[in-house]
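So you can see what is in the structure, the chains are spelled out below.
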There are 2 protein chains.
Amino acid sequence: MSIDRVAIIGLGLLGGSVGLSCHEHAPQIVTTGYDASPAVRARAAGRGLVGKVCDTLAGAVANADLVILCVPVGAMAGVAHDMAPHLPAGVIVTDVGSSKQSVVEDLTAALPGVSVVPAHPVAGTEQSGPDAGFATLFANRWCIITPPEWANPQHVDALSAFWAALGARIEIMDPQHHDLVLAVTSHIPHLIAFTIVGTASDLEDVTRSEVIKYSAGGFRDFTRIAASDPTMWRDVFLHNKSAVLEMLGRFTEDLTAMQRAIRSGDGDALFDLFERTRAIRRSIIEQGQDDAKPDFGRGH
Amino acid sequence: MSIDRVAIIGLGLLGGSVGLSCHEHAPQIVTTGYDASPAVRARAAGRGLVGKVCDTLAGAVANADLVILCVPVGAMAGVAHDMAPHLPAGVIVTDVGSSKQSVVEDLTAALPGVSVVPAHPVAGTEQSGPDAGFATLFANRWCIITPPEWANPQHVDALSAFWAALGARIEIMDPQHHDLVLAVTSHIPHLIAFTIVGTASDLEDVTRSEVIKYSAGGFRDFTRIAASDPTMWRDVFLHNKSAVLEMLGRFTEDLTAMQRAIRSGDGDALFDLFERTRAIRRSIIEQGQDDAKPDFGRGH
């Protein structure tokens, strides 16, 4: 099957980037879009994020081959329920949510008899809203597709081809394993970043102004991801609770071991860890998932 | 007093950048340099990091107005002891170390009667060694000068003028307060980054290859600072132990509160924190300590 008409529901960073990327990389696809916020719809129309911004969810999905839900994972069930009566026969419903077990459950429960193939493009920035999207967000990034066991293989292939056309690299993964992998590569890093930025802004003996002035010592790297969309991230933690708590437990064990090494003056334990972690960085750069420029090109 | 002859001891990222920055921004200054490693000295001479690379510590400091120690904080006492007999009268000795109470103690103990004015330019990259330095490392970054109470005010002024000439902004601070501020803006972020990268590479149920592939979800931001020099960072944690343990205690309290909020499904507590942390990010960008480009210009 080929995908000719795509409906994008939710026109923030991800939805907007899907629309702009379709326009640039697959201009034969007709795109429609909807967002629950009239202000977002107006801005989306102004930026041309999709071919046609519709005033109703029903109107946006009416003729689609593929519906992509680009809303926080806590909103998936409600949107799926609302659009269910309006979906055309043969449609594929997918999403871009950061946790996948809850999305598989929510969408299959709300859409009995509909072909549901959840996915997660591992790409983003700390920006959000209809002004944040751009056409190259998915270039050279991985898109993880997490079909339920009963998914139609042709639909999985069609969705893979769609994401590949937008520049993404494709991986098929079990939803449960996805949630564990993303807990460590994305959810725990965000939780830690949000927390340390909160800790730093609540101190009495160090002022907020000092924290900001001397942030180039390392802290600023954490503030970028701690500026991400609060609603989206609240939902991720509530919907991937068990994997997040499992990985958080392992991290705090390791942090406690480092604390003990500092307290006891065990320089060898510190050095051994610090030496090991450089190898991971090198691999990330070699595989094109980050840039080797020192300091991420911060103005020099 | 004016500073005309500068000796740079240790020719890695920081030492090399001081030399190159002098050459570009204060070409009237004569620079000499020394490094304990013959290989580093050869590379430093090849890159022209300083005007003259000397084969001995004594030779490098013999005619200096200002000696800058650019070695790990754990090596300060030994280097100071070794150079003490060779220092000319009237010299100022400073450093670029990331912890300051231990440096004030080590240098004043090893150099009785010598003018010691420690400092910390809050600038760096994850690179290290004689190939890592560049002339603009200190541009628009803060340099914190931490004179002991008995320091000569004219020497503090001369050192301030020197760093200002290299493009840095100057702050005078008590060494103890410096160590508390940097514990939160630099040392704890590094410790957390080293730890989470270690945790991620030790998992059995998620492979290292998966961690690397999906690092664009947030993890890669941590790997940058976790690639920093292991010796330098081991020494920072051993020499700023009490402030690091104090700040680590506050962070783990806050992280435990987040863990409890996730476990109990308290979405409001999560949202409240995530909303607050965006303001800090905005201030850092407004004050020129980071770049607002989405994703730090990672290739789009």
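Residues numbered from 1 in each chain as written. Chains lettered and ligands numbered in written order. Predicted model: local features only at pLDDT ≥ 70, side-chain atom pairs only at ≥ 80, totals over all residues. Heavy atoms only, no water.

Section: the layout of surface pockets
Residues and elements named next belong to chain A. Put simply, the largest pocket is a space of about 860 Å³. What lines the largest pocket is a set of 47 residues, and nearest its centre among them are Leu13, Leu14, Cys70, Asp229 and Met232. Elements with a contribution of two residues or more to the lining of the largest pocket: helix 1 (13–25), helix 4 (76–83), strand 7 (119–121), helix 7 (175–201), helix 9 (219–225) and helix 10 (230–239). Residue classes in the lining of the largest pocket are distributed as 24 nonpolar, 17 polar and six charged. (1 Å grid on protein atoms, 1.4 Å probe; cavity = no way out; pocket = protein on both sides within 12 Å on 5 of 7 lines; lining within 4 Å. Points joined across faces, edges and corners; volume = space filled by probe spheres on them. Helix = DSSP H or I, 4+ residues; strand = E, 2+ residues; numbered from the N terminus. Nonpolar A, V, L, I, M, F, W, Y, C, P; charged D, E, K, R; others polar.)

Digging into the relation of the copies chain B and chain A
After a rotation of 180° and a shift along the axis of 0.0 Å, chain B superposes on chain A with an RMSD of 0.0 Å. Taken together, the rotation angle and the small translation identify this as a two-fold axis. When the interface residues of chain B are mapped onto chain A, 100% of them are again interface residues, pointing to one common binding face. (Least-squares fit on C-alpha atoms with pLDDT ≥ 70 in both. Contact = heavy atoms within 4.5 Å.)

A short note on the sheet that holds strand 5 (residues 92–95) of chain A
Strand pairs in the sheet, formed through backbone hydrogen bonds, run parallel or antiparallel to each other. All names here are of chain A. Spatial ordering of the open sheet is given by 3-2-1-4-5-6, a layout of six strands whose pairing is parallel. Bordering the open sheet on either side are strand 3 (52–53) and strand 6 (115–116), each of which pairs with just one other strand. Bridge analysis of strand 4 (residues 66–69) against strand 5 gives four bridges, and the strand direction is parallel. Paired with Val67 across the strands is Val93, a residue of strand 5. (Pairing = 2+ DSSP bridges.)

Observations concerning the interface of chain B and chain A
It is common to give the size of an interface as the accessible area lost on bringing the parts into contact. Opposite the 107 residues of chain B that make contact, chain A presents 107 residues. Between chain B and chain A lies a buried interface of about 10,200 Å² when both sides are counted; carbon and sulfur atoms form 66% of it. Scanning the region where chain B abuts chain A turns up eleven salt bridges. Of the charged contacts in the structure, one is a salt bridge between Glu204 of chain B and Arg250 of chain A, with a shortest N-O distance of 3.5 Å. For the interface between chain B and chain A, the tally reads 28 residue pairs in polar contact (both at pLDDT 80 or more). The dominant element in the side of chain B that touches chain A, judged by the number of residues it contributes, is helix 7 (residues 175–201) of chain B, at 20 residues. In terms of residue class, the side of chain B that touches chain A is built from 49 nonpolar, 30 polar and 28 charged. (Buried area = accessible area lost by both parts, 1.4 Å probe. Salt bridge = Lys/Arg side-chain N within 4 Å of Asp/Glu carboxyl O. Polar contact = N/O pair within 3.5 Å; in protein donor to acceptor, adjacent residues only side chain to side chain.)

Thoughts on the sheet that holds strand 8 (residues 142–145) of chain A
Residue and element names in this part refer to chain A. Here we have three strands laid out as an open sheet, ordered 7-8-9, and mixed in their pairing. Only two strands of the sheet have a single partner each, and these edge strands are strand 7 and strand 9 (169–172). When strand polarity is set aside, the average angle formed by the axes of neighbouring strands in this sheet is 20°. Pairing geometry for strand 8 and strand 9, over four bridges, is parallel. For Trp142, the partnering residue across the bridge sits in strand 9 and is Arg169. Helix 6 (residues 153–165) rests against strand 7, strand 8 and strand 9 of the sheet, and its axis sits at about 150° to strand 9. (Axes fitted to C-alpha atoms, helices over the stretch in contact; angles between N-to-C directions.)

Some words on the domain arrangement of chain A
Residues and elements named next belong to chain A. The assigned domain composition of chain A is domain 1 (5–173) and domain 2 (177–289). For domain 1 versus domain 2, the distance between C-alpha centres works out to 30 Å. Between domain 1 and domain 2, the contact holds 21 residues from the first and 19 residues from the second. Each partner contributes to the roughly 1,600 Å² buried at the junction of domain 1 and domain 2, and carbon and sulfur atoms together form 57% of this total. Applying the counting criterion to the domain 1 and domain 2 interface returns one salt bridge. Between Glu126 and Arg224 there is a salt bridge, with the nearest N and O atoms lying 2.8 Å from each other. Between the two partners, domain 1 and domain 2, sit eight residue pairs in polar contact (both at pLDDT 80 or more). Those elements that provide at least two residues to the side of domain 1 that touches domain 2 are helix 5 (101–110) and strand 8. Broken down by element, the residue count for the side of domain 1 that touches domain 2 peaks at three residues, all from helix 5. Here the side of domain 1 that touches domain 2 is built from residues that sort into six nonpolar, ten polar and five charged. (Domains from an automatic or database assignment.)

A word on the pattern of salt bridges
Enumeration over the complete set of coordinates arrives at 25 salt bridges over all chains. The closest approach of N and O atoms between Asp95 of chain B and Lys100 of chain B, which form a salt bridge, is 2.8 Å. Residue Arg234 of chain B is joined to Asp235 of chain B by a salt bridge in which the shortest nitrogen-to-oxygen separation is 3.1 Å. Given the relative accessible area of 22%, Arg234 of chain B is considered partly exposed. A single network of salt bridges, built from pairs that share partners, joins Glu204 and Asp205 of chain A together with Glu246 and Arg250 of chain B. (Buried < 20%, exposed > 50% of the residue type's maximum accessible area, 1.4 Å probe, protein only.)

Quick notes on the packing of aromatic side chains
Under the defined criterion, the tally for this structure stands at 13 aromatic pairs over all chains. Ring geometry for Trp142 of chain A against Tyr214 of chain B: centres 6.1 Å apart, planes inclined by 80°, an arrangement best described as edge-to-face. Linking Trp142 of chain A in strand 8 with Tyr214 of chain B in the loop between helix 8 (208–213) and helix 9 (219–225), this pair reaches from one chain into another. On the accessibility criterion, Trp142 of chain A (12% relative accessible area) is buried. (Phe/Tyr/Trp six-rings, centres within 6.5 Å; stacked < 30°, edge-to-face > 60°.)

Topic: the environment of Leu182 of chain B
Residue and element names in this part refer to chain B. Inspection of the secondary structure puts Leu182 in helix 7. Spatially, the C-alpha atoms of Leu182 and Asp229 are 17 Å apart, while their sequence positions differ by 47 residues. For Leu182, the residues in contact, after removing those within four places along its chain, are Ser98, His120, Val122, Ile144 and His187.

Side note on unusual backbone geometry
Residue and element names in this part refer to chain A. In this structure, Asn140 is a non-glycine residue whose phi angle is positive, near 65°. Along the chain, Asn140 falls in the loop between strand 7 and strand 8. Classification of Asn140 as partly exposed rests on a relative accessible area of 34%.

Section: helix 2 (residues 38–47) of chain B
Residues and elements named next belong to chain B. Taken together, the buried positions of helix 2 are Val40, Arg41 and Ala44. All buried residues of helix 2 project into a common sector of 100° when viewed along the axis, lining one side. Exposed positions of helix 2 whose direction lies more than 90 degrees from the buried face are Pro38, Ala39, Ala42 and Gly46. With its phi angle positive at about 65°, Gly48 sits one or two positions after the end of helix 2. (Arc of directions from axis to C-beta.)

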